[in-house]
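Examining the three-dimensional arrangement
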Amino acid sequence: MPPPPTEALRRAAGSLGVLDWIRIAVLVLGLVFVATGLLPADTARSSVGRIAPLLLFLFSVIVLAELTKEAGVFDAIAQRMAKAGRGNYVALFLLCVAFASLTTVFLNLDTTAVLLTPVMLALAARARIATLPLAMTTVWLANTASLLLPVSNLTNLLAADRVALETRAFAARMWAPQLAVLAVTMVLLWVFYWRRRMRGEETYDPPAPVPVKDRVLFSATGAACLLFIGAILAGVHTGIQLGLAATAAAVVAVVAFAVRDRTLLRPALIPWQLMVFVTGLFLVVPTLERFGLDDAMRALIGDDGGTAGAVRAAFSGAGLSNVLNNLPAYVAGESAVPASNKDQLLSLLVGTNVGPVITPWGSLATLLWFEWCRRWDVRVPMRTFVLAGTVLAVTGSAAAVGALLLTG
């Protein structure tokens, strides 16, 4: 099936869908809690103040990635991947895993869901490749490849602040869990979606290359991404400094488009849906904590700083993520973990990052991915999605927690 026209996608993005109304409803509910006194104003200000640097980061990195996609950088990488695979599905699988993982690690899991998903779906259409293997690679790795750096996930930014780990120290602590869960993810992706019987073909035909429309935009946005990645590798601290690094890179991309093609610098570029949703969650969750969620999480997680406590934290976080969403699950779990139990907190992080692959609402990235699949008429068998996701959530969380404790 050919990819939907760009203009049609823009019109669809300009209208409010079900997910948009849910995000707005979450914010309105949070504001109602504040207005009625169910959430004290001081608590609300503290909660929103905590996420202000995260919102700056989220805004900037999505704008950067969206303009990078429009410049054709992601499409060019995808086409080169297909060509490098030379019709071999094993090679293509490894290249897709690497691409999705690196995008998640350096540009955030929501970027992978928002921007890499349509690239992969377009690649499948052009190369006449089965769509579901590429789609599932994107959504699973958007979640499970988000452990390594603070920028990889909003929950990581919160955890890095809590355990006082800067970028390099955070990566030094999380590299082993990340490798462990990536290995598990790759095995399960192949078993459930990529093996011969599931994909339906022995080989594929690499698509013909599509020329770059504007070399200046292509080079400028590519350089902006490298600037941002360089800032991360240089050890930029979490929080507002990381937000400023993302903003600087986004400004480079915006300036390039302002000079070469202003038509794409529209209000639709602003990721208001994500910002509204995150802000609403940080008003709703503190309210729920005041009325029983905090106590429930303490009972589930406990205060054991050893192996048992780490396992309980990981699976409690994974379970609550699939019931509610991983962001409120982490926030609620964080308040239940004693400040001195750093391994237990990082295990909770593992559960809330790796675990939300069972239900469509487990993480914001998964919600965004389902929206793209709906737009492209990709059929996702829910029974397989839930069963395979359960296997990944359990085995992936266990492997990551084990690696975390062994390298502690």
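Definitions and limits used
Residues numbered from 1 in each chain as written. Predicted model: local features only at pLDDT ≥ 70, side-chain atom pairs only at ≥ 80, totals over all residues. Heavy atoms only, no water. Helix = DSSP H or I, 4+ residues; strand = E, 2+ residues; numbered from the N terminus. Rg over C-alpha atoms; globule rule 2.2 N^0.38 Å. Buried < 20%, exposed > 50% of the residue type's maximum accessible area, 1.4 Å probe, protein only. Areas by Shrake-Rupley, 256 points an atom, 1.4 Å probe, with all protein chains shown as cover. Lys, Arg positive; Asp, Glu negative; His and termini not counted. Charge placed at Lys NZ, Arg CZ, Asp CG, Glu CD. Polar contact = N/O pair within 3.5 Å; in protein donor to acceptor, adjacent residues only side chain to side chain. Contact = heavy atoms within 4.5 Å. Core = buried A, V, L, I, M, F, W, Y, C linked by side-chain atoms within 4.5 Å. Disulfide = S-S within 2.5 Å. Phe/Tyr/Trp six-rings, centres within 6.5 Å; stacked < 30°, edge-to-face > 60°. Lys NZ or Arg CZ within 6 Å of the ring centre and 35° of its normal. Expected span 1.5 Å × (residues − 1). Salt bridge = Lys/Arg side-chain N within 4 Å of Asp/Glu carboxyl O.

1. With respect to the overall build of the protein chain
Of regular secondary structure, the protein chain possesses 18 helices and 0 strands. Compactness check: the protein chain gives a C-alpha radius of gyration of 20 Å against a globular reference of 22 Å for 408 residues, within 12% of the reference. Viewed in the frame of its principal axes, the protein chain has a C-alpha envelope of about 55 × 45 × 40 Å. Per-residue burial for the protein chain yields a buried fraction of 56% across its 408 residues. Put simply, the protein chain shows about 16700 Å² of open surface, and 66% of that area lies on carbon and sulfur atoms. Considering the protein chain, the positive charge centre built from 31 side chains and the negative charge centre built from 23 side chains are found 7 Å apart.

2. So, the side chain of asparagine 156
As for its placement among the helices and strands, asparagine 156 is situated in helix α8 (residues 154-162). Classification of asparagine 156 by relative accessible area gives buried; the value is 0%. A polar contact is formed between the side chain of asparagine 156 and the side chain of asparagine 353, at a distance of 2.9 Å. Residue contacts for asparagine 156: discarding those within four places in its chain leaves Ser146, Leu147, Leu149, Pro150, Phe170, Leu349 and Asn353.

3. Quick look at the nonpolar core
In terms of nonpolar packing, the biggest core is built from 141 residues, with Phe57, Leu64, Trp140, Trp194, Phe228 and Trp369 touching the most fellow members. Beyond its immediate sequence surroundings of up to four residues, tryptophan 194 is in contact with Tyr89, Leu92, Phe93, Cys96, Pro133, Leu134, Thr137, Leu189 and Arg199.

4. What about the state of the cysteines?
Applying the stated rule across the entire model yields 0 disulfides. Between cysteine 96, a cysteine without a disulfide, and cysteine 373, which holds the nearest cysteine sulfur, the sulfur-to-sulfur distance is 15 Å. For cysteine 96, a relative accessible area of 0% gives the class buried. Free of any disulfide, cysteine 225 has its nearest cysteine sulfur in cysteine 96, 19 Å distant.

5. Quick look at the packing of aromatic side chains
Across all of its chains, the model carries 11 aromatic pairs by this definition. In this structure, arginine 215 packs its charged tip against the face of phenylalanine 218, placed 5.7 Å from the ring centre.

6. Focus: unusual backbone geometry
One non-glycine residue, arginine 86, lies in positive phi territory at about 55°. As for its placement among the helices and strands, arginine 86 is situated in the loop between α4 (73-85) and α5 (89-107). Classification of arginine 86 by relative accessible area gives exposed; the value is 75%. A positive phi is found at asparagine 108, a non-glycine position, where the angle reads about 85°.

7. Overview of helix α7 (residues 131-144)
One turn of an α-helix holds 3.6 residues; hence residues three or four places apart share an orientation. With 14 residues, α7 should reach 20 Å at 1.5 Å per residue; the first-to-last C-alpha distance of 20 Å fits that figure. Counting buried positions along α7 yields 12 of 14 residues, so the element is predominantly enclosed. Looking at α7, one finds that the buried residues are Pro133, Leu134, Ala135, Met136, Thr137, Thr138, Val139, Trp140, Leu141, Ala142, Asn143 and Thr144.

8. A closer look at the side chain of aspartate 110
By secondary structure assignment, the location of aspartate 110 is in helix α6 (residues 109-127). The charged side chain of aspartate 110 is buried without a salt bridge, its nearest counter-charge being arginine 23 at 8.6 Å. Those residues in contact with aspartate 110 that sit more than four places away from it in its chain are Leu58, Ile62, Leu274, Leu364, Ala365 and Leu368.

9. Looking at the pattern of salt bridges
In the structure shown here, the tally under the stated rule is 5 salt bridges. Where aspartate 42 meets arginine 45, a salt bridge forms, and the shortest distance between an N and an O atom there is 2.3 Å. One end of the pair is aspartate 42 and the other is arginine 45, both in helix α3 (residues 41-70) and 3 residues apart, which spans about a single turn. In this structure, aspartate 42 and arginine 45 share a single accessibility class: exposed. The salt bridge involving arginine 50 is made with glutamate 334; its shortest N-O contact spans 2.9 Å. Taken together, the positions of arginine 50 in helix α3 and glutamate 334 in helix α15 (residues 326-336) put the pair 284 residues apart, joining distant regions of the chain. With a relative accessible area of 30%, arginine 50 lands in the partly exposed category.

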